[in-house]
Amino acid sequence: MAGMSDSFPRLHARTRRFTLGVPRGFTIAPAGDRIVFLRTKGGSDPVTCLWEFDVLSGQERLIVDPRALSADEEDLPAEERARRERSREQAGGIVGYSTDAGVTAAVFALSGSLYTVDLKTKYVRLLKTPGSVIDPRMSPTGVHVGYVSGGAFHIQDLEDEVDHVLARPEAPGVTYGLAEFIAAEEMDRMRGYWWSPSGDAVLVERADESPVQQWYIADPANPSRPAVEQRYPAAGTANATVELFVLTLSGSRIPVPFEDEYLVNATWDAHGLSIVTMSRDQKSLRLLTVDPATGSSTVVRQDTDAAWVDIATGVPGHLSDGTLVWVAAVDGGHRLIIGDQPVTPPTLQVREVLDVDGDAVLFRASGEPTEIALWAYRNGRITLVSPAEGGVYNGHTAGGTLVVTGQTLHSEGSTAHVSHNGTPRGNIVSHAERPGLDLRVSLIRAGERDLSTAVLFPSGHVPGSAKLPVLMDPYGGPHAQRVLSASGAYLTSQWFADQGFAVIVADGRGTPGRGPEFERAVLHDLASPVLEDQVDALHGAAAQFPDDLDLSRVGIRGWSFGGFLAALAVFRRPDVFHAAVAGAPVTDWRLYDTCYTERYLGHPDEGHYDSSSLFADAEKLDRPLLLIHGLADDNVVAAHTLRLSSTLLAAGRPHNVLPLSGVTHMTPQEVVAENLLLLQVDFLKKSLA
């Protein structure tokens, strides 16, 4: 429990942005009678436990507490630390698990050790392994567990605990069974192997990183430590070579060749083995069925787009009769496809498919861009299954049981409601801390493009009583949306508002939720449209709140793409923006990864990179700029900030740089995260005084 005197920055850091204590990672038993999930015991407790909820009684019970196993959370394999960085995992303990098809047993890793637990008796076994374990997954039959250790793919018989190596790396840089960097960072694919339904074979990824250029992440604060070697596929350079093999428990190894550059996803269900691949230019996406006995494949569907094809989470899937479940951009909308027919209107933007249960499909979609609702498809019809109140919802379904998690703009914290065959069965409790903020947010449409915009004022502000300095607080780029009908989206923004600012958060062109055309407006230009829309949103908000916004004092802050946008703002529009805080900014897109950057800007040789870079405008800087960067960042490496700083220095432009020793892209350290907020407020207040 947090102390009453804890400041918001300290509480925000300690609670990992108020995510600790929130139930997640739900698995519903086939009969719908039990739900396994993850949750910490408290809102400031970083150790995640494994729990079970009984649907009939509405009671929950603790299955595994890592503390009882004396697992040292700090002793993580390097590969596991990298996986958690890619997935933005901030908690510790049991952060992932896998069950058999019947959800009678589970496996998980703790500090590199492999454990299995009987979900009925709660009996936990520590399994002997030859090394540290990454990504253990139980076979559907519950007989074996697969895992990766030292780049080799292992299976272990859970009855006799005999360990078998099915694939061993042939050279340095080769791994079996792990998703390569690009898949994890940019395609939301965190796994590198898939069990067959019968549990007698596994589709395994072989990734060879030797073609990828070698970078070195140094720790200047500790010169005695050697630099960490990293293979980083920067735009225009080689990716890892990815191959697939079907490995059987009897020892056979069957190649599964495919032509495209990227392996997007794979599924192996009762209707067969499927893979999704994408071309290097990302204008073609192919779904193929694979014969696991021969490795031969057949194209089932090919989607193409002159700009780029979209990767949808949760597909492919199949109804009980084998009919394909898919998501594609058709007639101006991201639509759910059943067989070869769209079943959702183009005005309903499908975000992802969550579950396919028999002939029912549970999916997330947006009509209003700021809201994400839960919908179900069944027998040719779609039905809203989340509450009528607009918010941001998620969920899972199996065996007639439905878990709906969600948050609205007017509720503090998230909820998890359970129902079975339409009858409420209780809630899975959240132990998250309460931020203690009085949220003063208005959602508006601003500017000529009716941009989704949030405007926040100090909790004690009386409308029209004073003109406040303005702080723009965007992400503003592809893949991420800031303006949502959920209170948790604005906690940090409200805290900044309570420091005396009017805070504006705006989602411009390129952000999700409004359809393919809106997203594709940034093709070949990641700078001009996104900056124009921040200016447009600012002026639109000022038109609606003319007596509350002081446009002579406008600051902007952001992280990652938002950091790029913040620096871009003071470089190109100093007439509008008077100070900027740029955290972990991408300053030169040639230094960012292949998949993300080439999707929007193409290959560097095509000539679209310089116009989206910060360097050409650096000599124009005449506004206060604070650059912040974690020196251990392996996603947006510190070279982005350091090279920009060198260019600014050569041009004689004053600026501030805050290097964070040992800090990654997530800034998970409590003291660092707390003080970063305080330092930003101090810089902005002084700069806008």
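Residues numbered from 1 in each chain as written. Predicted model: local features only at pLDDT ≥ 70, side-chain atom pairs only at ≥ 80, totals over all residues. Heavy atoms only, no water.

- The protein is annotated in an unreviewed UniProt entry as Dipeptidyl-peptidase-4 from Streptosporangium subroseum.

1. Details of the packing of helix α4 (residues 491-498) against helix α10 (residues 670-687)
- Two elements in contact, α4 and α10, have axes whose closest approach is 11 Å; the angle formed by their N-to-C orientations is 40°. Judged on the interaxial angle alone, α10 and α4 are oblique. Crossing hand, α4 versus α10: right-handed. Residues Thr-492, Trp-495 and Phe-496 of α4 lie in contact with α10, whose contacting residues are Leu-677, Leu-678, Gln-680, Val-681 and Leu-684.
- The class makeup of the residues in the contact of α4 with α10 is 6 nonpolar, 2 polar and no charged. (Axes fitted to C-alpha atoms, helices over the stretch in contact; angles between N-to-C directions. Helix = DSSP H or I, 4+ residues; strand = E, 2+ residues; numbered from the N terminus. Parallel < 35°, antiparallel > 145°, perpendicular 65-115°, else oblique. Left-handed = near helix turned anticlockwise from the far one by under 90°. Contact = heavy atoms within 4.5 Å. Nonpolar A, V, L, I, M, F, W, Y, C, P; charged D, E, K, R; others polar.)

2. Here we look at the pattern of salt bridges
- Evaluation of the coordinates by the stated rule reveals 39 salt bridges.
- Measuring nitrogen to oxygen at the nearest pair gives 3.2 Å for the salt bridge that ties Arg-225 to Asp-219.
- Overall, Arg-225 belongs to the exposed group, its relative accessible area being 51%.
- The buried category is assigned to Asp-219, whose relative accessible area is 16%.
- Among the salt bridges present, the one from Arg-572 reaches Asp-617, with a minimum N-O distance of 2.9 Å. Here Asp-617 lies in the loop between α8 (594-601) and β43 (625-630) and Arg-572 lies in helix α7 (residues 561-572), a separation of 45 residues in the sequence. (Salt bridge = Lys/Arg side-chain N within 4 Å of Asp/Glu carboxyl O. Buried < 20%, exposed > 50% of the residue type's maximum accessible area, 1.4 Å probe, protein only.)

3. Considering the pairing of strand β16 (residues 201-208)
- Among the 8 residues of β16, 8 are classified as buried, and the element is accordingly described as predominantly covered.
- Alternating positions in β16 separate into two faces, Ala-201, Leu-203, Glu-205 and Ala-207 on one and Val-202, Val-204, Arg-206 and Asp-208 on the other, with burial throughout.
- Bridge analysis of strand β14 (residues 174-176) against β16 gives 3 bridges, and the strand direction is antiparallel. What sits directly across from Tyr-176, in β16, is Arg-206.
- Bridge analysis of strand β15 (residues 193-195) against β16 gives 3 bridges, and the strand direction is antiparallel. Along β16, the bridge assignment pairs Trp-194 with Leu-203.
- Here 8 bridges tie β16 to strand β19 (residues 241-248), and the two strands are oriented antiparallel to one another. Residue Asp-208 lies in a different strand from β19, and its bridge partner there is Thr-241. (Pairing = 2+ DSSP bridges.)

4. So, empty space enclosed by the protein
- The final tally for this structure, using the stated rule, is 4 cavities of 30 Å³ or more.
- Empty space within the largest cavity amounts to approximately 70 Å³.
- Around the largest cavity sit Glu-180, Phe-181, Ile-182, Glu-209, Val-212, Arg-231, Pro-233, Asn-239, Ala-240, Val-242, Glu-261 and Tyr-262, which together line it.
- Per-class residue counts for the lining of the largest cavity are 7 nonpolar, 1 polar and 4 charged. (1 Å grid on protein atoms, 1.4 Å probe; cavity = no way out; pocket = protein on both sides within 12 Å on 5 of 7 lines; lining within 4 Å. Points joined across faces, edges and corners; volume = space filled by probe spheres on them.)

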